Amino acid sequence: MVSQLPADINNRSADTTIREPVRSEPSAPLDKSADRIRAMFAEIAPRYDFLNHLLSAGLDIAWRRRTAQRAPRPLVGPILDVCTGTGDLALAYWKAGSRRVVVIGLDACEPMLRLAQRKARRHGAADWIEWVLGDTQQLPFATGTFQVVSVAFGIRNVSDPLQGLSEMVRVCTRGGQVAVLEFAFPKNRIFGRLFRWYFNRVLPRIGQFFARNRFEAYRYLPESVGLFEQGTAFARRLEEVGLGQVEMLPMTGGIATLYLGRKP
Ligand SMILES: C[S@@+](CC[C@H](N)C(=O)[O-])C[C@H]1O[C@@H](n2cnc3c(N)ncnc32)[C@H](O)[C@@H]1O
């Protein structure tokens, strides 16, 4: 519910239009330009939830629930979930906060946000969750606003992930938590091989079959995970952008990892 937000929540800029990102790294080999990423998610939006649950055999639900359960207590909010997509992590935080915590879900892709909004209404969360069209790399919120700032399976898609992470840290309160949930490749040799076979060979075919799209989004998924930093290398990045007490919690044999950090 917008009226429950702190008065200064939006005072950095009321403009939620999407601007071109400022790059701080050389271009990645994958095309992660804002327009392309937005168009890709817009095309797969209607099948996004169905495929998430199918391709992970429902594990994604438990990963997001665990993420929300690791929020600091008491969970008073407000909470910001960036790259929120269809809003599942935003909803998980709302539930973890006894359905009485203000959450903002931000995404650059309007069709994803529209689905999120509809889902929130179905769950009776419409008065508590606000959906904002915007860019994680230039968050339209005041410094030090949110008790928790989270991202699930999203930071890898941001054109400049370090800029996105820096913004997440900026809008977090001192002592607040930044949570990043992201795919990883399991360390166990046999499970790792099996997972890579599924992730690289099987998943793109099933994905393209159910969500036919020009961008081969489900081929992009394993490619983008393969090119993204994982484990201690990524944890170091979180320290570089100013987080302390960084922890890593591998889930389901290391298919996904939850990274948590505190803003000092
Ligand atoms: C793989 S989906 C993840 C959605 C959701 N967090 C989940 O757990 O399922 C990635 C989302 O990131 C969004 N995204 C990518 N770059 C973005 C940016 N720079 N700012 C905001 N959202 C962005 C996409 O539009 C897409 O909805």
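Residue numbers run consecutively from 1 along every chain, following the written order of its sequence. Given that the model is predicted, a residue must reach a pLDDT of at least 70 before its local features are reported, and side-chain atom pairs must reach 80 or more before they are shown or counted; all residues, however, enter totals for whole chains, interfaces and linings.

S.K.: Is there a simple way to think about the overall build of the chain in this case?
M.R.: Segments assigned H or I by DSSP are reported as helices when at least four residues long, segments assigned E as strands when at least two residues long, and all are numbered from the N terminus. When helices and strands are tallied, the chain shows eight helices and seven strands. Whether a residue is buried, exposed or partly exposed is read from the other C-beta atoms within 10 Å of its own C-beta, which are placed from the backbone; 20 or more gives buried, 12 or fewer gives exposed, and intermediate counts give partly exposed. Residues counted as buried form 42% of the 264 residues belonging to the chain. A pair of residues counts as a contact when their C-beta atoms, built from backbone coordinates, are within 7 Å of each other. In the chain, of all internal contacts separated by at least 6 residues, the share reaching a separation of at least 24 is 74%.

S.K.: How should I be thinking about the sheet that holds strand β6 (residues 244-251) in this particular structure?
M.R.: At least two DSSP bridges between two strands are required for those strands to pair. Here seven strands make up an open sheet; going across it, the order is β3-β2-β1-β4-β5-β7-β6 and the pairing mixed. In this open sheet, the two strands that pair with only one neighbour each are β3 (129-133) and β6. Direction aside, neighbouring strands of the sheet carry axes that sit 15° apart on average. Where strand β5 (residues 172-183) lies against strand β7 (residues 256-262), seven bridges are found, and the strand directions are antiparallel. The convention used is that axes are lines fitted to C-alpha atoms, helices contributing only their stretch in contact, and that angles between N-to-C directions extend from 0 to 180 degrees.

S.K.: Explain the site of the ligand to me, please; I cannot follow it from the model alone.
M.R.: For the ligand, the set of nearby residues contains 22 residues, the closest of which are C83, G85, A108, C109 and A152. Sorting the residues of the shell around the ligand by element identifies α1 (34-55) and α3 (88-96) as the ones contributing at least two each. Among the elements that line the shell around the ligand, the one with the most residues is α1, at four residues. Taken together, the residues that form the shell around the ligand break down as eleven nonpolar, seven polar and four charged. Should the C-beta atom of a residue, placed from the backbone, lie within 6 Å of a molecule or strand, that residue is near it. Gly is put with the polar residues, along with every residue not named as nonpolar or charged; the nonpolar set is Ala, Val, Leu, Ile, Met, Phe, Trp, Tyr, Cys and Pro, and the charged set is Asp, Glu, Lys and Arg.

So, to be careful, I would describe these as geometric facts and stop short of saying anything about function.
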